[in-house]
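# A look at the structure
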Amino acid sequence: MKKSLPDFLIVGAAKCGTTSLGDYLNEHKDMFICNPKEPKYLTYSFLKDAYKGEGDDFTKKKAIKTLDGYKDLFKKAKSHQLKGESSVDLLYYYKKTIPIIKETLGDPKIIIMLRNPIKRAFSAYSHLVRDGRESLSFIEGLKQEEERLKLDYEFIWAYKKASFYADATKAFQDNFTNVKVIIFEDFVKHQEEKTKDVIKFLGIENEPNSFNEVHRNISGKPKSQLLNTILLKDSFIKTIFKKLFPSSFRARIKYVIQKNNLNPIVMNESEANYLKGVFDEDIDKLQDLLDTDLSIWKK
């Protein structure tokens, strides 16, 4: 059964470059990233009654709900290709997902991407503003976070809680043989080099082809909400577009349109100070775990 299922997982964290990495890997002839890239099958069994926040119903609708449906996502993979997916809620729900992953997939290779926790929190907020789901300020959203999560909003609303990484990262390291952690700030500076490191980690040869860096999945406040909705929601036009053009080309077109349609949301000083020091202990734990200097996250 496991032959028809993924060989590796990009488990999170959300808003840490996982979309870009998945797209780069999918351009390699020996890789196959499923569509949708975040099937969320491995969390659906315990989240099927959740997704109660603004716009969460769309996420729930797209989630893969059966094992057969999950296996179908990888049917088009060629026999020599490594199969992967990137449901980034797997890291956040690690206490529940790790046993499910082991039971369903065995011992897949695990990729974790992490970034400055305050910037990750704000990026998640900006993502929901872009999608027209968040109407509060960042600080008010943080104040409402605990109540929202009690009401079963999906994990993307966990601006602060999803930015604690150390315990989840250690749990994956303790339970799986091959775990690679990538620091987002390093990835952004050296995308080609870091992508090649991941390809080597996965056990396949790098290709000598050109590497085109594009920042995917950008956020901001839309100038045109209608255009933003067309880009993000499923439609007949998007279905035809997917059939006609490869994913790498579609991603670049989407990026150009979004870049011109989104006004960046910049975190101000008071918003940054609101979370200052909150993550310091977790950062220290993560530094020791990874033997990596993360002091830049505290500045």
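Here's what I pulled together on the structure shown here.

The rules we used
- Residues numbered from 1 in each chain as written.
- Predicted model: local features only at pLDDT ≥ 70, side-chain atom pairs only at ≥ 80, totals over all residues.
- Heavy atoms only, no water.
- Axes fitted to C-alpha atoms, helices over the stretch in contact; angles between N-to-C directions.
- Helix = DSSP H or I, 4+ residues; strand = E, 2+ residues; numbered from the N terminus.
- Parallel < 35°, antiparallel > 145°, perpendicular 65-115°, else oblique.
- Left-handed = near helix turned anticlockwise from the far one by under 90°.
- Contact = heavy atoms within 4.5 Å.
- Nonpolar A, V, L, I, M, F, W, Y, C, P; charged D, E, K, R; others polar.
- Buried < 20%, exposed > 50% of the residue type's maximum accessible area, 1.4 Å probe, protein only.
- Salt bridge = Lys/Arg side-chain N within 4 Å of Asp/Glu carboxyl O.

Our focus in this paragraph is the packing of helix 6 (residues 94-105) against helix 9 (residues 166-175). In contact at an axis separation of 10 Å, helix 6 and helix 9 are set at 20° when each is read in the N-to-C sense. Classified by the angle between their axes, helix 6 and helix 9 sit roughly parallel to one another. For helix 6 against helix 9, the interelement crossing comes out right-handed. Here helix 6 contributes Tyr94, Thr97, Ile98, Ile101 and Lys102 to the contact with helix 9, which in turn contributes Asp167, Ala168, Ala171, Phe172 and Asn175. Its residues assigned to classes, the contact of helix 6 with helix 9 shows six nonpolar, two polar and two charged.

The next thing to look at is unusual backbone geometry. Most peptide bonds are trans, and most residues other than glycine sit at a negative phi. Of note, the bond from Gly12 into Ala13 is cis; its omega dihedral lies within 30 degrees of zero at 0°. Following the sequence through the fold, Ala13 ends up in the loop between strand 1 (8-12) and helix 1 (18-26). Of note, the amide linkage connecting Asn35 to Pro36 takes the cis form, showing an omega dihedral of 10°. If you trace the backbone, Pro36 turns up in the loop between strand 2 (31-33) and helix 2 (41-47). Here the phi dihedral of Asp152 falls at roughly 70°; this positive angle occurs in a residue that is not glycine. Mapped onto the elements, Asp152 comes out in the loop between helix 8 (138-150) and helix 9. For Asp291, which is not a glycine, the phi torsion comes out positive at approximately 55°. Mapped onto the secondary structure, Asp291 falls in the segment after helix 16 (280-290). Exposure remark for Asp291: the relative accessible area of 72% places this residue in the exposed category.

Buried residues of helix 9: Ala166, Ala168, Thr169, Ala171 and Phe172, and no others. In this fold, the buried residues of helix 9 make contact with strand 1, helix 5 (89-92), helix 6, strand 4 (109-114), strand 5 (179-183) and helix 16.

Per the counting criterion, the structure on display carries 17 salt bridges. One salt bridge in this structure joins Arg148 and Glu134, with 2.7 Å as the shortest N-O distance. Taken as a pair, Arg148 in helix 8 and Glu134 in the loop between helix 7 (117-130) and helix 8 lie far apart in primary sequence, 14 residues in all. In this structure, Arg148 and Glu134 share a single accessibility class: buried.

As a further point, take the environment of Ile183. For Ile183, the position within the fold is in strand 5. Given a relative accessible area of 10%, Ile183 falls into the buried group. Taking the C-alpha atoms as reference points, Ile183 and Leu294, 111 residues apart in sequence, are found 9.1 Å from one another. Excluding anything up to four places from it in sequence, Ile183 contacts Leu114, Leu290, Leu294 and Trp297.

Nothing here speaks to function; it is geometry throughout.
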